Amino acid sequence: MKPQSVARAPVSVLLAQLPSVDKLLLSDPATAWVTQYGRDELLRCIRLVLDAIRKKISSNDLDAVPSDQSLHALIDARLVARARPNLRRVINLTGTVLHTNLGRAVMPDEVIAAMASAAAEPCALEYDLGEGKRGDRDELVEELLCELTGAEAATVVNNNAAAVFLLLHALSNRKETIVSRGELIEIGGAFRIPDIMKRAGARLVEVGTTNRTHARDFAEAIGPKTALVMKVHTSNYVVQGFTAEVPENELAKIAHEREVPFVVDLGSGTLVDLTQFGLPKEPTPAEAIADGADLVTFSCDKLLGGPQAGILVGRKDLIQRIKKNPLKRVLRVGKVTLAALESVLRMYRNPATLPERVKVIQLLTRTASSMQAQADGLIPALEEALAGCGLSIAAQAVKSQIGSGSLPVERLPSVALAISAVDRSYEKRVVRLERLLRGSDIAVIGRLSDKTLLLDLRCLTEDKVTVLRDTMLAAAQRLATTK
Ligand SMILES: *Cc1c(COP(=O)(O)O)cnc(C)c1O
């Protein structure tokens, strides 16, 4: 038990010394607080602060009532903390370009302008301006999608998981869908192909083995109850070694011989061949359609570089059946998403300009030398402040990931700022710096690796360099002044 301090006043006396809510409401800084946050919010914060202090006094955690000045500071801190957005801005220095937990694709300014306009003004979302009557929201992007993929028809839903779910529900309800055992994937959290199938009412028929599936496995599995043959792009892992899979064109042929549609979940949808920009090969919807796929689904916020949405493209009759399913209405996208999607799809009409215009492609195609130049600019500006905390900073060659399951084994050569302790006694500071940066108004997120904080510069656009520097200087200062 903690011995009671002799000089300490009894709890009831301390509680009685606390200023009243009314007194604090009339205090000097209150006028400015009311102007900035409103009277209700100020009242709430005063109560929260007083309650916290009362609790501390009652549990003997506080020996004296705080001064007016410290009370004001506590109230101010509350007001500021509560006004800070929960969806905080982040500088993504994780080295993963399409980071699902950090919102995946960042969008081009032109696309953002289209979103802002759709949000701010009425727009012809489902209105046929030529005929002056009701239209269909999918038509805003259907022609573009058909043009870019070679498909007959297209529809848009909330994300690719929704696209796969809707496809199965509309076309394979109580019927069988045949999938290779090697493609029964799980993609972060709750998206597992077998679970999605079950929920969609589809009966999963697994064929082949984990590492090898042959044409005959599919041919033998197709029967009177078969609704679909499905291929899932194994986007977040690779099976290496003694493997075999059936090429898409062959699968399409097997399915079509029995009049069964062949569908492909592509995952990340890139609409152009990325090898033209020196990036690794990723299959495109156009290739899948050309190989005979009757339907292809893909995400819009992965390699495509657009908003969160899922696309289905393919045969007109199948798209029509999907659009008639009541779940299409449940899974539909809003106007802001459609505005973004249309805007980003238009950029794909001119592929040569993609590295300048689509931010995701811009980030993926950055050269290590441009990151090295950023490091060379930042290091001298930060060195001294970090040295004051017992930390050193240097440029280090690293490998970034594309992320979101795209091209899982490919790595892009990048440059990181590597911050480490000058000697073992300062090691904890590296961890604390990581936490301070993460807690900043604009959160800086890197990764800790072997007692070094790595800040991968691949996603650091020029307009964020100064913010990063200032945030780091502020964090270093806090690190130096707190024990
Ligand atoms: C990412 C992915 C999904 C899920 O897409 P969301 O747009 O995140 O819903 C489904 N299938 C594959 C193969 C994927 O890579």
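As annotated in an unreviewed UniProt entry, the protein carries the name L-seryl-tRNA(Sec) selenium transferase and is attributed to Zwartia hollandica. The UniProt entry for the protein carries this comment under Function (unreviewed entry): "Converts seryl-tRNA(Sec) to selenocysteinyl-tRNA(Sec) required for selenoprotein biosynthesis." Under the UniProt heading Cofactor (unreviewed entry), the entry covering the protein gives this text: "pyridoxal 5'-phosphate".

In this section: the packing of aromatic side chains. Tallied over the entire structure, the rule returns zero aromatic pairs. A cation over a ring is seen here: R212 above F242, with NZ or CZ 3.7 Å from the ring centre.

Another aspect to go through is the environment of L378. Mapping L378 onto the fold places it in helix α18 (residues 368-387). Sequence-wise, L378 and I393 are 15 residues apart; in three dimensions their C-alpha atoms are separated by 9.7 Å.

For the rest of this paragraph, the subject is the pattern of salt bridges. This structure, assessed with the given rule, holds 27 salt bridges. R54 is the salt-bridge partner of D51, the closest N and O atoms lying 3.0 Å from each other. Of the two residues, D51 and R54 are both situated in helix α4 (residues 39-58); the distance of three residues between them amounts to about one turn of the helix. Note on D51: relative accessible area 40%, which makes it partly exposed.

This part covers the nonpolar core. Residues L145, V229, V313, L341 and Y348 are the most contacted members of the largest nonpolar core, which totals 62 residues. At six residues, the largest contribution of residues to this core is made by helix α15 (residues 335-347). Inspection of this core shows a minimum of three residues originating in each of domain 2 (90-100 + 364-480) and domain 3 (109-357). Setting aside its immediate chain neighbours within four residues, Y348 contacts L148, L271, V272, L303, L304, L354, V358 and I361.

Criteria and thresholds
Residues numbered from 1 in each chain as written. Predicted model: local features only at pLDDT ≥ 70, side-chain atom pairs only at ≥ 80, totals over all residues. Heavy atoms only, no water. UniProt positions renumbered as here; feature names shortened; annotations may be inferred. Phe/Tyr/Trp six-rings, centres within 6.5 Å; stacked < 30°, edge-to-face > 60°. Lys NZ or Arg CZ within 6 Å of the ring centre and 35° of its normal. Helix = DSSP H or I, 4+ residues; strand = E, 2+ residues; numbered from the N terminus. Salt bridge = Lys/Arg side-chain N within 4 Å of Asp/Glu carboxyl O. Buried < 20%, exposed > 50% of the residue type's maximum accessible area, 1.4 Å probe, protein only. Core = buried A, V, L, I, M, F, W, Y, C linked by side-chain atoms within 4.5 Å. Domains from an automatic or database assignment. Contact = heavy atoms within 4.5 Å.

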